[in-house]
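Analysis of the macromolecular model
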Amino acid sequence: MAEEQIQWDEDIKWDKPATKVEQTPQPQGKNLIDRAKDVATSAGFGAVAGAFSPEIAYGAGRVLEKVPYTPVQMAGRAMKSASIGMDTGKQRALGSLAGGFSGATSETAGQVAELAGAPPYIAESARVLGSFAPVEILTTGAKGVSGLLRTVSPTAANARMALRSVMDDVGVANLAGAKREEVMRRINELRKAPFTTDAQKKLYDVLANDVQTMTGAAAQEARALERSGTREGLEAQRRAKGFAGLSGEVTETKATILQRAKDSLRNLGDATRELSDVGRTLRDRIVARFDEQSLNRSKAYLKQKKLRDDAVQAKEGNGILVNSLPEFNTMMTELRSKLLVDPRTNKIFDELKGATTAPVTEQGLLKAYQNIYQAVEGRRAFAGIDTKGDQAYKIYPSSFEALDAVRRKLGDVAFGKEVAGYEGLTRKVAEEYYKKLSNIQSKYAGEAQDVLQRDYEIASRLIDKFKTKAGAKATAMDRIDATKFASDDKALPGTFFNSRQSVADAIELVGDAALVERQAADFVAKNLNGKDASAARTWITSKQNSDFLSALPNVRRSAEAYITNLERAEARAAGATKVEKRLGVEEKLATGEVKEAPKLGAEEARKVTEQAQEEANRILGTAEPAKRISQIISSNDRTLWDRIAPAIAATPNGRQILGESVRQVLANRAEQGVFGTKLFYEESLKDSLLRTGLIGKQEADQISRQLNEIANVSIGETEKLTLMGRLIKNAIVGYGIPAIPRAVTGTINTIGDVINQRGQINSAAPNLGAR
């Protein structure tokens, strides 16, 4: 019912003074026929008003919205919203029936009060109260009074669906118009695809392949048992040879089953990768994240760098260079004391001519010190021959940018990278001069340089950990042994994957949670490779490994799925081992007379075959593929989910196919019954899927939300309209509108009484008897 279809007075103002309404005199001397007519009249007007319940609810809501009291305004908005869902033929017919009933009970209540001698205000109060309950009773549920009776039925269904105790389950066939379209739209959103059974058929094929493997192994075992009982007497030697051949077949089958299970480890990660490869991948990504090329793609970095460069240009433009700082000159003096000889002129520095020992003699380290000195001193350019005939040089001091380049190279060395020209420099010396140059640049360029080093350079972050404990905590680097980055790639995976916190550190440094997860998967696969199911489960449930895997739920689920599949394969292999032993025994007994062998073999073979067939029937059933998958998803069978989950998990894209199938089946069920589907999913299917690891919690909760939305869209007037709104509407329908003709009749009767002089001796009014 569109808003423009209902016209209400927009000029209602609540600040107008109330108009005094004169009390209409109550007619006197009514007999039972008059009272019956009054009741019938109220019932008629109530029926008409009930048919117009949408308009009444909408109008009353608009009036209540103008009351200067928030709760009343909220009730008004709720009534307006609910009026739209009430505008159907079924709702109008039900409203008309309820309105007539309410009008009749309202007037009857008033008449009874008057007959009892109650004053007028008591009689009117009785009429108001009499109008409430009947409308509420008849409009409470989809089937009126029968719906109300169901609310008191102490059944389990009513207990579970208390909020909808008076409503039947709703399917698309029960809806019409815009509501049906909206429900179907949301069901299709749940489905995530057009209606199809392709996913169910693919999932059936997965289960069929698993059953085929299982029944094939059982058939081999059965054949072995049968053959063990068919040889006797003179065939003893041939039987012995046959058993030996069968034993080889079973051994091969057992090996195939185990190998297939072990090969499924690739669904978890690459077990062939060396730990050093995993560590190198992590280390290279950490370094690459903070290299200059990466930083130059960062708008924030470029913006901060420009602030730093502007500050530097301002100083250099005024002739203030970095070599003017005391810290710079102190560093240069220290370098000269280590070198003794100027690497540019091969002459002893003047201030060091009195030196008696050489502080540095190792050639690689000496070469590194020379490179540092030459880079920070500046450039010597040939200027000609001086007056003494010697070559003269002019020194151009280093710029801030030149120092920055040296500092970056020292930072790379400190981080463990090999840098040309600094091969002989130890990490300790690199860290020392990195900090000296960082301090000089900080003194020179100020805060802008500090921000760049703090936020964008990994080398500075690693070195910061050696400054203060608080600083180390701030960067979370106190938990990482920096020496590992330089010396041992193989140790890095073990460093990062041993606790929840170490995983968080890895993600923080690498900056790519997905990459960390992939490396962790390879790390886990490497450790599980070659272990039997028991050892593998012990590994993932150990205190240390369980802790770090709890931070990587996807890796943990994949590892558990692999182990579950391996356990199942080992169980089958154990069965094959029993067959091997049995064949060995029979091979020995075949040399003698074993009269009972044929009967025993056939009986054992029958049991094996029957058990395998029972399990196959339990999984595949007799329905067509798509229908059977729908039956399994709707089965509420916990043990069946436990049986099929490993096969689905071990199949590439198995979880995806299952997810598509689940959505298709839930969407199909929701078309038939919204609330039953929601209840089934929450009480059964969701738990089975989460428990077996076939679906993630995020997707499971998303399905819950979608089913809730579908259910909410299906709710009708009873749930949408608040109690206050319903009572106001009911009072208007059952009492307010029927009161209009009563008031008019009362006024006309009063005028007639005056004209006819009712009650006087000369009255012209007919005397129908006193009340």
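Presented here is an overview of the structure given in this document.

1. Here we look at the overall build of the protein chain
Per the secondary structure count, the protein chain includes 35 helices and two strands. Put simply, the protein chain has 771 residues, and 41% of those count as buried. The long-range fraction of contacts in the protein chain, counting pairs at least 24 apart against all pairs at least 6 apart in sequence, stands at 72%. For the protein chain, the exposed area adds up to about 40,300 Å²; of that, 54% sits on carbon and sulfur atoms.

2. Re the pairing of strand β1 (residues 378–385)
By the bridge criterion, seven bridges tie β1 to strand β2 (residues 391–397) in an arrangement that is antiparallel. Considered in β2, the bridge of Phe382 is made with Tyr393. Here β1 hands over to β2 after five residues, with Gly389 in that stretch at a positive phi of 90 degrees.

3. As for a nonpolar patch on the surface
On the surface, a cluster of nonpolar side chains totalling about 330 Å² of accessible area is made up of Phe382, Ile385 and Tyr393. Relative to the helices and strands, Phe382 resides in strand β1.

4. With respect to the pattern of salt bridges
Tallying each qualifying case throughout the model produces 29 salt bridges. With its nearest N and O atoms 2.8 Å apart, the salt bridge here joins Arg186 to Glu182. One end of the pair, Arg186, and the other, Glu182, are both in helix α8 (residues 177–191), four residues apart, so they sit about a helical turn from each other. When the shortest N-O distance is used, the salt bridge between Arg280 and Asp277 registers 3.1 Å. Here Arg280 pairs with Asp277, and both are found in helix α11 (residues 275–289), just three residues apart, close to one helical turn. Note on Arg280: relative accessible area 36%, which makes it partly exposed. Accessibility expressed as a relative area gives 29% for Asp277, which makes it partly exposed. Because the salt bridges share partners, they merge into one network encompassing Glu182, Arg185, Arg186, Glu189 and Glu709.

5. Some details on the packing of aromatic side chains
For the coordinates displayed, the defined rule picks out seven aromatic pairs. Seen in terms of ring centroids, Tyr369 and Tyr433 are 5.9 Å apart; in terms of plane orientation they differ by 75 degrees. Their pairing is edge-to-face. In this pair, Tyr369 sits in helix α15 (residues 363–377) while Tyr433 sits in helix α17 (residues 427–445), placing the two residues 64 residues apart along the sequence. The same class applies to Tyr369 and to Tyr433, which are both buried.

6. Things to note about the environment of Ala559
Turning to its location among the elements, Ala559 is positioned in helix α27 (residues 553–589). A relative accessible area of 1% places Ala559 in the buried class. Residues Ala559 and Ala536, 23 residues apart in the sequence, show an inter-C-alpha distance of 8.9 Å. Sequence-distant contacts of Ala559, defined by excluding residues within four places in its chain, comprise Leu268, Val524, Leu528 and Ile540.

7. Regarding unusual backbone geometry
The backbone phi angle of Asn636 is positive, close to 60 degrees, even though this residue is not glycine. If you trace the backbone, Asn636 turns up in the loop between α29 (625–633) and α30 (638–650). Look at Asn636 and you get partly exposed, because its relative accessible area is 47%.

8. Thoughts on α15
Compared with the 21 Å implied by 1.5 Å per residue over 15 residues, the 21 Å span of α15 between its first and last C-alpha is a close match. Three or more residues of α15 are buried, namely Leu365, Leu366, Ala368, Tyr369, Asn371, Ile372, Tyr373, Val376 and Glu377. Residues of α15 that are buried sit in contact with α14 (326–339), β1, β2, α16 (400–415) and α17. Remark: Gly378 follows α15 within two positions and exhibits a positive phi of approximately 125 degrees.

9. As for the environment of Ser546
Tracing the backbone shows Ser546 in helix α26 (residues 543–549). With ten residues separating them along the chain, Ser546 and Arg556 place their C-alpha atoms 8.6 Å apart.

10. Brief notes about the packing of α29 against helix α31 (residues 654–672)
Where α29 contacts α31, the axes come no closer than 10 Å and their chain directions differ by 85 degrees. Viewed along their axes, α29 and α31 adopt a mutual orientation that is roughly perpendicular. Judged by residue contacts, Ile629, Ser630 and Ile633 of α29 engage Ser661, Val662 and Val665 from α31. Its residues placed into classes, the contact of α29 with α31 shows four nonpolar, two polar and no charged.

11. Description of the packing of helix α13 (residues 299–317) against α17
Where α13 meets α17, the closest approach of the two axes is 9 Å, and the angle between their N-to-C directions is 75 degrees. Considering the angle they form, α13 stands roughly perpendicular to α17. In this structure, α13 uses Arg308, Ala311, Val312, Lys315 and Glu316 to contact α17, whose residues at the interface are Lys443, Tyr444 and Ala445. Tallied by class, the residues present in the contact of α13 with α17 amount to four nonpolar, no polar and four charged.

12. As for α31
If you check α31, its first and last C-alpha atoms are 28 Å apart, about what 19 residues at 1.5 Å a residue would give, namely 27 Å. Regarding α31, the residues found buried are Gly654, Ile657, Leu658, Gly659, Ser661, Val662, Arg663, Gln664, Val665, Leu666, Ala667 and Ala670.

13. A short note on the side chain of Gln441
Within the secondary structure, Gln441 is located in helix α17. Its relative accessible area of 0% is what places Gln441 among the buried residues. Ignoring anything within four residues of it in the chain, the contact list for Gln441 reads Phe400, Leu403, Asp404, Arg407, Gly446, Gln449 and Gln453.

14. Re the environment of Gly654
Residue position: Gly654 is located in helix α31. Judged by relative accessible area, which is 2%, Gly654 ranks as buried.

Criteria and thresholds
Residues numbered from 1 in each chain as written. Predicted model: local features only at pLDDT ≥ 70, side-chain atom pairs only at ≥ 80, totals over all residues. Heavy atoms only, no water. Helix = DSSP H or I, 4+ residues; strand = E, 2+ residues; numbered from the N terminus. Buried < 20%, exposed > 50% of the residue type's maximum accessible area, 1.4 Å probe, protein only. Contact = heavy atoms within 4.5 Å. Areas by Shrake-Rupley, 256 points an atom, 1.4 Å probe, with all protein chains shown as cover. Pairing = 2+ DSSP bridges. Patch = residues over 30% accessible without salt bridge, like charges linked within 9 Å, V, L, I, M, F, W, Y side chains within 5 Å. Salt bridge = Lys/Arg side-chain N within 4 Å of Asp/Glu carboxyl O. Phe/Tyr/Trp six-rings, centres within 6.5 Å; stacked < 30°, edge-to-face > 60°. Expected span 1.5 Å × (residues − 1). Axes fitted to C-alpha atoms, helices over the stretch in contact; angles between N-to-C directions. Parallel < 35°, antiparallel > 145°, perpendicular 65-115°, else oblique. Nonpolar A, V, L, I, M, F, W, Y, C, P; charged D, E, K, R; others polar.

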